[in-house]
Amino acid sequence: MNINSIYYFLQVAEYRSYSTASRKLFVAQSSLSTMIKKLEEELSIKLFLYDGKALHLTTEGHRFYELAKSFYDSYEAFSLSAKQISDEVFGSLKIILPPLIAELYFSKPIAAFQRQYPDVQICVANRGGYISQNLILVNEFDLGVTIRPVIPNTFACTDIIQCPMVLAVHESNPLAAKPYVRYEDLADESFLSYEEDSVLYQRFMSKTAAAGYAPRIIAMAAESPFLLSMVEDNNGVMVIPKCVTDYRNFSNIKFIDIMGEETGYELVLIYKQDKPLSPAALTFVDFVKSWYTL
């Protein structure tokens, strides 16, 4: 006995006709009568009698019909509930974001996502660079946001934004009058820099090495606002993504284009390639893709 044989029995009982039931079910009449016969043999009872005009349920058939109808209605309700569970988005989601990026680029999409999916609890931690990538690798977080390059052959990446890398200088610095600079032009400058565990630091060191020098770094910090405040006080220059300067206006800082860095800052949402994502995480990834392609 299976769910199909019970359903077919119910259809024959309701139509009181093998031919009508077979047309409604798109099943051959012979197959339908064979299935009912097997059901009768399995139950050791007679389910139908034929009086020459129509089928009629036997006394045992009536009792079995009531049981089968109750069972099938429950099964339908169960199937619907199970489908609703698979369609629902719920659970928890752990995301690691750089501090200023979280404020500038993820506060609004996260708020919108939680309005649409109130049963998802989102926990956000603020770290950047390779630390974020390593924490995702050891499954401390489901998703993270970092910049390219990422650890090769490890992460699935969703592009968020691209923007230029620029040079932040005090307006009194002679470089402030230039329309653009090259890394080669900056060998004698005193630099402010992100900390050594950041992707931006590693990228900056690679660029200056390619230009033929080791930069003189006078101060390092994790966050852009502190470093930019030092530039405002004319205490060095720094290479910074233009998009992270959008949080306020700067009255005495000039941002100079760097040749070859027109799309140097590539922000990506990442997760482990070999880790199946929960429905909540998959839905969030799709949500972010849509948010940044509008």
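Heads up: these notes are all about the structure in this document. (Residues numbered from 1 in each chain as written. Predicted model: local features only at pLDDT ≥ 70, side-chain atom pairs only at ≥ 80, totals over all residues. Heavy atoms only, no water.)

Things to note about the overall build of the protein
Within the protein, the regular secondary structure consists of nine helices and 13 strands. Here the C-alpha radius of gyration of the protein, 33 Å, is well above what a compact globule of 294 residues would show, namely 19 Å. Considered along the principal axes of its C-alpha atoms, the protein spans approximately 105 × 35 × 30 Å. Within the protein, the fraction of its 294 residues that count as buried is 45%. Long-range contacts, defined as pairs at least 24 residues apart, comprise 73% of the intrachain contacts of the protein with a sequence gap of at least 6. By element, 51% of the accessible surface of the protein is carried by carbon and sulfur atoms, the whole surface being about 16000 Å². (Helix = DSSP H or I, 4+ residues; strand = E, 2+ residues; numbered from the N terminus. Rg over C-alpha atoms; globule rule 2.2 N^0.38 Å. Buried < 20%, exposed > 50% of the residue type's maximum accessible area, 1.4 Å probe, protein only. Contact = heavy atoms within 4.5 Å. Areas by Shrake-Rupley, 256 points an atom, 1.4 Å probe, with all protein chains shown as cover.)

Description of the sheet that holds strand 11 (residues 238–241)
Strands sit in the order 8-12-7-11 across an open sheet of four strands; the sheet is mixed. Taken across any chain shown, the strands that pair with only one partner, and hence form the sheet edges, are strand 8 (180–181) and strand 11. Here strand 7 (residues 165–170) runs beside strand 11; their pairing, made up of four bridges, is antiparallel. Pairing of Ala-168 across the sheet is with Met-238, part of strand 11. (Pairing = 2+ DSSP bridges.)

Some thoughts on the environment of Phe-255
Examined against the element boundaries, Phe-255 turns out to sit in strand 12 (residues 253–258). Residues Phe-255 and Gly-129, 126 residues apart in the sequence, show an inter-C-alpha distance of 23 Å. If we ignore the near neighbours within four places in the chain, the residues touching Phe-255 are Val-166, Leu-167, Ala-168, Leu-228, Ile-240, Lys-242, Thr-245 and Phe-250.

Quick look at the pairing of strand 12
Relative to strand 12, strand 7 is paired through five bridges, and the arrangement is antiparallel. Its bridge partner being in strand 12, Ala-168 is matched across the sheet by Phe-255. Here two bridges tie strand 8 to strand 12, and the two strands are oriented parallel to one another. Looking at strand 12, one finds that Tyr-180 is bridged to Asp-257.

Quick word on the environment of Arg-203
Tracing the chain through its elements places Arg-203 in helix 7 (residues 199–210). C-alpha of Arg-203 to C-alpha of Phe-26: the two residues are 177 residues apart in sequence and 66 Å apart in space. Those residues in contact with Arg-203, other than ones at most four positions away along the chain, are Met-165, Tyr-183, Glu-261 and Gly-264.

Considerations on the sheet that holds strand 3 (residues 91–97)
Pairing in this open sheet of five strands is mixed, and the strands run 4-3-5-13-6 from one edge to the other. The sheet is open, and its two borders are formed by strand 4 (120–126) and strand 6 (155–163), each paired with just one other strand. Strand after strand, the sheet turns through a mean of 20° between neighbouring axes, direction not considered. As defined by bridge partners, strand 5 (residues 143–147) adjoins strand 13 (residues 265–272) across four bridges and the pair is classed as antiparallel. In the strand pairing of strand 13, Val-145 is matched with Leu-269. Contacts from helix 9 (residues 279–291) reach strand 3, strand 4, strand 5, strand 6 and strand 13 within the one sheet, and its direction differs from that of strand 3 by about 50°. (Axes fitted to C-alpha atoms, helices over the stretch in contact; angles between N-to-C directions.)

A word on the pattern of salt bridges
Counted under the stated rule, the structure contains seven salt bridges. With a shortest N-O distance of 4.0 Å, Asp-246 and Lys-242 are connected by a salt bridge. (Salt bridge = Lys/Arg side-chain N within 4 Å of Asp/Glu carboxyl O.)

Looking at the pairing of strand 9 (residues 190–194)
Of all five residues making up strand 9, five are buried, and the element is well covered by its neighbours. Burial along strand 9 is two-sided: Ser-190, Leu-192 and Tyr-194 facing one way and Phe-191 and Ser-193 facing the other are all buried. The sheet contact formed by strand 9 and strand 10 (residues 216–221) spans five bridges and is parallel. Residue pairing across strands places Ser-193 opposite Met-220, the latter belonging to strand 10.

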